[in-house]
Amino acid sequence: MSRRYFGTDGVRGEVGKHPMTAEFALRLANAAAQVLAPDGGSVMIGKDTRVSGYMFESALEAGFVAAGVDVMLLGPLPTPGIAFMTRSFSADLGVVISASHNPFYDNGIKFFDRNGSKLSDDVELAIERLLDQPSITRESQRLGRARRVDTSRVRYQDFCKDSIKGVSLDGLRIVLDCSNGAGYKVAPRILNELGAQIIPIGCSPNGRNINDTCGSTHPELLQKTVVAVDADMGIALDGDGDRLVMVDNLGNLIDGDQLIYIIARARAQAGRLSGPVVGTVMSNLGLERALQSEGIAFVRAKVGDRYVIEQMQRHGASLGGESSGHLICLDKTTTGDGIISALQILAIVRSTGRPLNELAAEMPIYPQCMINVRVEQRFDPGESAPINAAVEQAERALAERGRIVLRASGTEPVIRVMVEGEDESEVRTTAESLADVVRSAAA
């Protein structure tokens, strides 16, 4: 079993402090109950399709019930669906058992509050402080109860369909790749009920094939299938259903930046775009410039959906996301949702009568080179004088033709060197030069 910290993304943190074991899951649930539902209450627990999910589900159930909290078990459901169901059932908190786009042997746990939003840092720290304390068990008359409510997932399906209320997908032929993950039941049903003809792939989970050469992180099969079956487009989710990439009818991959642009432009033209669009420091320069040409402001956040949401809330924005396909439509839901994001794109295709490849072509994609420099010990590259000097020199050379981002990975001892710009050769040469400087500084 992989060893992970408890964190907001389920797999964040370094190996060692809190191993992901059944015993840890029980203590985590018990600690969360003491912080978030000290007088009893209810919790929704959902998961993706990893084989270890059954073990962690049972352990979490035991920890919550012992602390006097009633448990509602949802079974496999996308992460945003669990956030929605937590709100829908007025539960005190929601729990997701998933390691998102990671391999099946990873797993993690993350929480939503009663509003379907991620926990604050203060609440997380309060839970972590109790992890090393003995778990509590209420007297028999105050123990919680557990029941399955997995058939209630139709509420989430209806919620997704209502996000494009009145739009029919009749006549659209779509290849749908659910990554053998949490969306394998609800996503095909939603699209079918809206009238689309679905060719499913990655919809046969066996506990070990989640994200295995399929889904948003491995779209090659989807690209080939769309062309082979003459589909209008393809949709790929990740293992927990909160990320989306798409494929046009020609087999071209349409990433998160392009999808954000399509939605932003359509909403701006309809007068329904609130605030700026929020991306991250890794969002393609082409997105920023394409939005500027439409008169749409653009704000960059740190990498991570929680930071994107923080900036969206700060600026009153309704749309944001990451290049990886984590799109957030705050006017539709409280967190990133691959299915709802896909439906927004499909509604635009339907309303404009234009194919996906035409809509995406209006955003230029600037060449981008990413080099991951492995280091013995993680450090902040911004605190290194030689690295700062090299970056300043490179930025002067690129001028307005590009940009540079250096950042430490949050999950592994790696410094990510990213350079993008107008000229592919210049971009690569600059990235390789900066990577050499980082290697020297880390030696």
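My aim in this report is to walk through the structure given alongside it, one point at a time.

What counts, and where the lines are drawn
Residue numbers run consecutively from 1 along every chain, following the written order of its sequence. Where local features are concerned, this predicted model is filtered to residues with pLDDT of at least 70; where side-chain atom pairs are given and counted, the filter is 80 or more; whole-chain, interface and lining totals use all residues. Excluded from the side-chain calculations are hydrogens and water; all other atoms, namely the structure's heavy atoms, are used. One bridge is not enough; two strands pair if DSSP finds at least two bridges between them. Each helix is a run of DSSP H or I of at least 4 residues and each strand a run of E of at least 2, with the numbering of both proceeding from the N terminus. Every angle, taken between N-to-C directions, lies between 0 and 180 degrees, and every axis is a line fitted to C-alpha atoms, over only the stretch in contact when it is a helix. What counts as a disulfide here is a pair of cysteine sulfur atoms lying within 2.5 Å. Residues are treated as being in contact if the distance between any of their heavy atoms lies within 4.5 Å. Note on ring pairs: Phe, Tyr and Trp rings are taken, using the six-membered ring of Trp, and paired if centres are within 6.5 Å. Classes follow the plane angle, with under 30 degrees stacked, over 60 edge-to-face and the rest tilted. Buried means the residue's accessible area, taken with a 1.4 Å probe over protein chains only, is under 20% of the maximum for its type, while exposed means over 50%, and partly exposed covers the values in between. Two thresholds decide whether a charge sits over a ring: the Lys NZ or Arg CZ must be within 6 Å of the ring centre and within 35 degrees of the ring normal. N or O atoms within 3.5 Å of each other form a polar contact, as long as, within protein, one can give a hydrogen and the other can take it, and as long as residues adjacent in sequence are counted only when both atoms are side-chain atoms.

## Quick look at the sheet that holds strand 17 (residues 414–421)
Taking strand neighbours across the sheet as the criterion, the 3 strands line up as 15-17-16 in an open arrangement whose pairing is antiparallel. The open sheet has two free edges, formed respectively by strand 15 (368–374) and strand 16 (402–408), since each of these has just one partner strand. Between one strand axis and the next, the sheet turns through 10° on average, direction left out of account. As judged from the 7 bridges shared by strand 16 and strand 17, these two strands associate in the antiparallel manner. The residue of strand 17 that forms the bridge with Ala408 is Ile415.

## Quick notes on the state of the cysteines
Note on terminology: disulfide describes a covalent bond linking the sulfur atoms of two cysteines. Inspection of the entire model under this criterion finds 0 disulfides. Take Cys214: it sits in no disulfide, and the sulfur closest to it among the cysteines is that of Cys203, at 9.2 Å. With no disulfide of its own, Cys329 lies closest to Cys160 among cysteine sulfurs, the gap being 11 Å.

## Structural notes on unusual backbone geometry
With glycine set apart, most residues show a phi of negative sign, and most peptide bonds adopt trans. A positive phi angle is found at Ser179, which is not glycine, with a value near 60°. Counting through the fold element by element, Ser179 comes out in the loop between strand 6 (173–177) and helix 6 (186–193). The backbone of Ala399 shows a phi angle near 55°, a positive value even though the residue is not glycine.

## Focus: the sheet that holds strand 14 (residues 327–329)
Sheet architecture is open: 4 strands sit in the order 12-11-13-14, paired in mixed fashion. Edge positions in the sheet fall to strand 12 (298–301) and strand 14, since each has one partner strand and no second. Adjacent strand axes in the sheet meet at a mean angle of 20° when their direction is disregarded. Contacts from helix 9 (residues 285–293) reach strand 11 (277–280) and strand 12 within the one sheet, and its direction differs from that of strand 12 by about 155°.

## A word on the packing of aromatic side chains
Enumeration according to the criterion identifies 3 aromatic pairs in this entry. Ring centres of Phe84 and Tyr156 lie 6.3 Å apart, and the angle between their planes is 45°; on these two criteria the pair is classed as tilted. Pair noted here: Phe84 is in helix 3 (residues 79–88) and Tyr156 is in helix 5 (residues 154–162), with a separation of 72 residues, a long-range link. Note on Phe84: relative accessible area 11%, which makes it buried. Taking the relative accessible area as the measure of exposure, Tyr156 reaches 0% and is therefore buried. Residues Phe104 and Tyr105 carry aromatic rings whose centres are separated by 5.6 Å and whose planes lie at 70° to one another, so their mutual orientation is edge-to-face. Taking relative accessible area as the criterion, Phe104 reaches 24% and is therefore assigned partly exposed. In this arrangement the basic side chain of Lys47 is found over the ring face of Tyr54, its NZ or CZ atom lying 3.4 Å from the centre. The ring of Tyr307 is capped by Lys302, whose NZ or CZ atom sits 4.3 Å from the centre of that ring.

## Here's the deal with the side chain of Arg403
Mapped onto the fold, Arg403 is located in strand 16. Reaching out from Arg403, the side chain makes a polar contact with the backbone oxygen of Ser283 at a distance of 2.5 Å. A distance of 2.5 Å separates polar atoms of two side chains, one belonging to Arg403 and the other to Glu420. Look past the residues within four positions of Arg403 in its chain and what remains in contact with it is Val281, Met282, Ser283, Leu285, Arg300, Leu398, Met418, Val419 and Glu420.

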